[in-house]
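Examination of the molecular architecture
So the chains spell out like this:
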Amino acid sequence: MSTIADAILVIDADRGEQQYWHDVWRFRELAVFLAWRDIIVRYKQTVIGIAWAVIRPVLQTAVLYFVFVVMQRLNLTGATPTVAVAPPKNAVLPPGAIPHVLMIYIATLVWQLFADVLSSSSNSMIVAANMLSKIYFPRLLMPVARTGVSFVDFSISLILLAGGIFYFHFLSPYHFTPDWTLIFLPAFAVLAALAALGPGLLFGALNVKYRDFIYIIPFVVQIGFFMSPVGYQSYKAGRFRIWYSLNPMVGVIDGARWCLFGNRTPIYFPGMLVSLAVIAVSVLIGVWYFRKAERTFADIV
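Throughout what follows, the structure given in this document is the object of discussion. Every value quoted in this text rests on a predicted model; they were computed, and no experiment measured them.

Helices and strands together make up the secondary structure of the protein chain, namely 15 helices and zero strands. Look at the contacts in the protein chain between residues 6 or more apart in sequence, and 80% of them connect residues 24 or more apart.

Structure below.
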């Protein structure tokens, strides 16, 4: 039975870390409510609604497939283009062969999750300006709650991935079967969200004071897309692959592909460790700076 003491909330600008994280747990239902609100509002008054969660990665996959697969098969020197020979009706994928469409689509899904979490968490404080100046709650809940919409979009996009697997297994001349490692895909989805949440917390705190970041963040997302192996595999970085893995999405995308294809696209473990270390450091820095700056949010917004 709750007591009056349990209902009392002491607002102290210098609350200790232990008490702060206790408040985060106490207000967990608020985070769920905010996430649900964002999910409802996301596609409100749109013509095709939640279908945008599928259309975006499909269009992006189509463009990347054309650039990195179709264009490479075309002969641009003026000679007669090479004609691809269709595989036998009952052919199976040879060792190491993978459906390029699925390879690009699975990478697009985790990248889209990363980009959505980064953008939404970076702008979360500006969107919640009215709440910040009126009531107390751990401000960290706002960027965390806004990741809920991104995971809903990711989950819906997985339906199309399942359709692609069905096609390549039953209808395609290649009888492709995903590896058992597919069960680890949710773990790499969480890693993609964490990779975005670290800089998202940093940008979100800076965005309160410097509104320039409203324009900087889309630019950062665009540059990050071209610096990530979404349309190709990271092994093409060659001897620079370990340095390439300083981009945390390199390890996350490699891991997502490993989940679907198993040893056909093996994980580069040195690079994966580098990416995990970068994710951990970015989250720690993001939380540290966000906690340092959040006590001034209500005065600035």
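With 14 residues, helix α11 (residues 213-226) extends 20 Å between its outermost C-alpha atoms, agreeing within 8% with the 20 Å of an ideal straight helix rising 1.5 Å per residue. Turning to α11, its buried residues are Phe213, Ile217, Val221, Gly224 and Phe225. Taken end-on, α11 shows its buried residues confined to a sector of 120 degrees, consistent with a single buried face. For α11, the exposed residues set more than 90 degrees away from the buried face come down to Tyr215, Phe219 and Phe226. The elements touched by buried residues of α11 are α4 (52-73), α5 (100-122) and α10 (185-209).

This part takes up the packing of aromatic side chains. In total, this model carries 12 aromatic pairs according to the counting rule given. Aromatic pair Trp111 and Phe114: ring centres 5.1 Å apart, planes at 35 degrees, arrangement tilted. With a gap of three residues between them, Trp111 and Phe114 both fall in helix α5, about one helical turn apart. Accessibility assignment for this pair places Trp111 and Phe114 in one class, buried. The interplanar angle of 45 degrees and the centroid separation of 4.9 Å between the aromatic rings of Phe166 and Phe170 together place this pair among those described as tilted.

This paragraph deals with the packing of α5 against helix α9 (residues 147-171). The interhelical angle for the contact between α5 and α9, taken along N-to-C directions, is 175 degrees, at an axis separation of 9 Å. Between α5 and α9, the crossing angle belongs to the class labelled roughly antiparallel. Residue-level inspection shows Leu102, Tyr105, Ile106, Leu109, Val110, Leu113, Asp116, Val117 and Ser120 of α5 in contact with α9, the latter providing Thr147, Ser150, Phe151, Asp153, Phe154, Ser157, Leu158, Leu160, Leu161, Gly164, Ile165 and Phe168.

Right, let's get into the pattern of salt bridges. For the coordinates displayed, the defined rule picks out four salt bridges. In this structure, Asp153 engages Arg56 in a salt bridge whose closest nitrogen and oxygen atoms are separated by 3.5 Å. Taken together, the residues Asp153 in helix α9 and Arg56 in helix α4 connect sequence positions 97 residues apart. With a relative accessible area of 27%, Arg56 lands in the partly exposed category. Between Asp254 and Arg241 there is a salt bridge, and its shortest N-O distance comes to 3.6 Å. Placement of the pair is Asp254 in helix α13 (residues 248-261) and Arg241 in helix α12 (residues 241-244), with a sequence separation of 13 residues. Summarising the burial analysis for this pair, Asp254 and Arg241 share the class buried. By sharing partners, the salt bridges in this structure join Arg56, Asp116 and Asp153 into a single network.

Rules used throughout
- Residues numbered from 1 in each chain as written.
- Predicted model: local features only at pLDDT ≥ 70, side-chain atom pairs only at ≥ 80, totals over all residues.
- Heavy atoms only, no water.
- Helix = DSSP H or I, 4+ residues; strand = E, 2+ residues; numbered from the N terminus.
- Contact = heavy atoms within 4.5 Å.
- Expected span 1.5 Å × (residues − 1).
- Buried < 20%, exposed > 50% of the residue type's maximum accessible area, 1.4 Å probe, protein only.
- Arc of directions from axis to C-beta.
- Phe/Tyr/Trp six-rings, centres within 6.5 Å; stacked < 30°, edge-to-face > 60°.
- Axes fitted to C-alpha atoms, helices over the stretch in contact; angles between N-to-C directions.
- Parallel < 35°, antiparallel > 145°, perpendicular 65-115°, else oblique.
- Salt bridge = Lys/Arg side-chain N within 4 Å of Asp/Glu carboxyl O.

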